[in-house]
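Remarks on the overall topology
Here is what each chain is made of, one letter per residue.
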Amino acid sequence: LVEGDTIVGETRPKQPNSFLCTDRDYSDFILELDFMVDAEANSGVQVRSESRPDYKNGVVHGYQVEIDPGERAWTGGIYDESRRGWLAPLDKNPQAKAAFKQGEWNHFRIECRGDHFQTWLNGVACADLHDSMTAKGFIGLQVHGVGDHEAPLRVRWKNIMLTDLAAK
């Protein structure tokens, strides 16, 4: 759904995670965007991700920069979607955990260069990870499944700017 200059993702009961993905793969890049998420929602931004028929029947998998408005507060951490789980949680980064602003627009800066992944939330350093499992893949906006939750939950994104460092 598009509302003005904003992409809006909305949950549906009993539906799995859904993704709006780029048409091509990226390796080295800087991605900046603003997002706002309903308090009960969970979401993320997939980077260097894939969907292949030979891997779990095409399920989206790969690096995800988490959007976690809950009590855990790991927004900006890096999760490996449908593969290995948490790679860079924020349990030892209290500044990053405090950077998320509920009910307001938040700003992500995500840098992927070689095997180095770095994330910032509202100017606060969050994750700093070296991992070489996937060198390139698509970028995607994720809306997390909500099980039986009936009322729609929303995630909004705007001001998306992608700098492809591999093209330079």
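Predicted, not measured: the structure shown is a model, and the values here were computed from it.

1. A closer look at the sheet that holds strand β6 (residues 61-67)
Paired through their backbone hydrogen bonds, the strands of a sheet run either parallel or antiparallel. The strand order across the open sheet formed by 6 strands is β3-β12-β5-β6-β7-β8, and the pairing between neighbours is antiparallel. Since the sheet does not close on itself, it has two edges, and those belong to β3 (18-21) and β8 (85-88), each with one partner. With strand direction ignored, the average angle separating the axes of adjacent strands in the sheet is 30°. Bridge analysis of strand β5 (residues 43-50) against β6 gives 7 bridges, and the strand direction is antiparallel. Its bridge partner being in β6, Gln46 is matched across the sheet by Gln64.

2. Quick notes on the environment of Arg24
Of note, Arg24 is situated in the loop between β3 and β4 (29-37). Sequence separation between Arg24 and Phe138 is 114 residues; the distance between their C-alpha atoms is 5.9 Å. Apart from the residues within four sequence positions on either side, Arg24 is in contact with Gly137, Phe138 and Asp164. Within the local environment of Arg24, its side chain forms a polar contact with the side chain of Asp164, the two groups lying 3.1 Å apart.

3. A look at the pattern of salt bridges
Using the criterion set out here, one finds 16 salt bridges in the structure. Across the salt bridge formed by Arg52 and Glu50, the nearest N and O atoms sit 2.8 Å from each other. Taking the relative accessible area as the measure of exposure, Glu50 reaches 22% and is therefore partly exposed. Here the salt bridges do not stand alone but share partners, grouping Glu32, Arg109, Glu111 and Arg113 into one network.

4. Observations regarding unusual backbone geometry
For Lys56, which is not glycine, the phi torsion reads 50° and is therefore positive. By the secondary structure assignment, Lys56 is in the loop between β5 and β6.

5. Some words on the sheet that holds strand β9 (residues 106-113)
Taken together, the 7 strands give an open sheet; going across it, the order is β1-β2-β13-β4-β9-β10-β11, and neighbouring strands pair in antiparallel fashion. What marks the edges here is a single partner per strand, and that holds for β1 (2-3) and β11 (124-130). Inspection of the sheet shows β9 paired to strand β10 (residues 116-121) by 6 bridges, in the antiparallel sense. Directly across from Phe108, in β10, lies its bridge partner Leu121.

6. Some remarks on the side chain of Thr134
Its place among the elements puts Thr134 in the loop between β11 and β12 (138-143). Owing to a relative accessible area of 5%, Thr134 belongs among the buried residues under this scheme. Among the polar contacts made by the side chain of Thr134, one reaches the side chain of Arg83 at a distance of 2.8 Å. The contacts of Thr134, once residues within four sequence positions are left out, are Arg48, Glu50, Tyr63 and Arg83.

Each value, and the rule that gives it
- Once a new chain begins, its residue numbering starts again from 1 and follows that chain's sequence as written.
- This being a predicted model, a pLDDT of at least 70 is required before a residue's local features are given, and a value of 80 or more before pairs of side-chain atoms are given or counted; all residues contribute to the totals for chains, interfaces and linings.
- Based on all heavy atoms of the structure, the side-chain values leave hydrogens and waters out of the count.
- When DSSP finds two or more bridges between a pair of strands, those strands are recorded as paired.
- Per the convention used, a helix needs a DSSP run of H or I reaching at least four residues, while a strand needs a run of E reaching at least two, with both numbered from the N terminus.
- For every element, the axis is a line fit to its C-alpha atoms; helices are fit only across the contacting stretch, and the angle between N-to-C directions ranges from 0 to 180 degrees.
- Whether two residues are in contact is decided by their heavy atoms, any of which lying within 4.5 Å being enough.
- A 3.5 Å cut-off defines polar contacts: any pair of N or O atoms within that distance qualifies, except that in protein one atom must be a possible hydrogen donor and the other a possible acceptor, and neighbouring residues in sequence count only when both atoms are side-chain atoms.
- One side-chain nitrogen of Lys or Arg within 4 Å of one carboxyl oxygen of Asp or Glu is enough to make a salt bridge.
- Relative accessible area decides the class of each residue, using a 1.4 Å probe on protein chains only: under 20% of the type maximum gives buried, over 50% gives exposed, and in between gives partly exposed.

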